[in-house]
Amino acid sequence: MKTKRTIELTIERNEFSVLRNRRGSAYAWCGVCAMSVEMVTPEEAARRSGVSVRTIYREIEVGRLHFRETPQGLLLICVESLA
């Protein structure tokens, strides 16, 4: 007697796009916010928040700040998570 076999495939596709406007702001998809948001470097995030860059990295490490890393290795922080 023949048995039927079912094969289930899951395909996941990840893309990363950064869009910049004339003022130099970068916009990219934040997976946590589930929307396109302004992204800044850790140095700019520190300047906007009035804290040190080390504090920004600590906040990333404990999961308080949303971030993305570009294929080139540039770390970008979600401005929405700075608020």
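First, a word on what this report is: a plain description of the structure on this page. Model, not experiment: these values are computed from the prediction.

Quick look at the overall build of the protein chain
Secondary structure assignment for the protein chain yields two helices and five strands. Mapped in sequence order, the helices and strands of the protein chain form the string β-β-β-α-α-β-β. For the protein chain, buried positions account for 27% of its 83 residues. In the protein chain, once contacts between residues fewer than 6 apart in sequence are set aside, the share between residues at least 24 apart is 41%. In the form shown here, the protein chain has an accessible surface area of approximately 6,800 Å², with 50% of it arising from carbon and sulfur atoms.

Remarks on the pattern of salt bridges
One pass over the full model with this rule turns up five salt bridges. A salt bridge links E44 to R47; its shortest N-O distance comes to 2.6 Å. Residue E44 and its partner R47 are located together in helix α1 (residues 42-49), separated by three residues, close to a single helical turn. The exposure class assigned to E44 is partly exposed, which follows from its relative accessible area of 22%. The partner of E59 in a salt bridge is R64, with the nearest N and O atoms 3.2 Å apart. Accessibility expressed as a relative area gives 56% for R64, which makes it exposed. What emerges from the salt-bridge pattern is a single network uniting E38, E44, R47 and R48.

Here we look at α1
When we look at burial in α1, the residues that qualify are P42, A45 and A46. Projected down its long axis, α1 carries its buried residues within an arc of 100 degrees, all on one side. At the exit of α1 stands G50, carrying a positive phi of roughly 75 degrees.

A closer look at unusual backbone geometry
Phi at A34 takes a positive value of approximately 60 degrees, unusual for a residue other than glycine. Considering the arrangement of structural elements, one finds A34 in the loop between β2 (26-30) and β3 (35-40).

Thresholds applied
- Residues numbered from 1 in each chain as written.
- Predicted model: local features only at pLDDT ≥ 70, side-chain atom pairs only at ≥ 80, totals over all residues.
- Heavy atoms only, no water.
- Helix = DSSP H or I, 4+ residues; strand = E, 2+ residues; numbered from the N terminus.
- Buried < 20%, exposed > 50% of the residue type's maximum accessible area, 1.4 Å probe, protein only.
- Contact = heavy atoms within 4.5 Å.
- Areas by Shrake-Rupley, 256 points an atom, 1.4 Å probe, with all protein chains shown as cover.
- Salt bridge = Lys/Arg side-chain N within 4 Å of Asp/Glu carboxyl O.
- Arc of directions from axis to C-beta.

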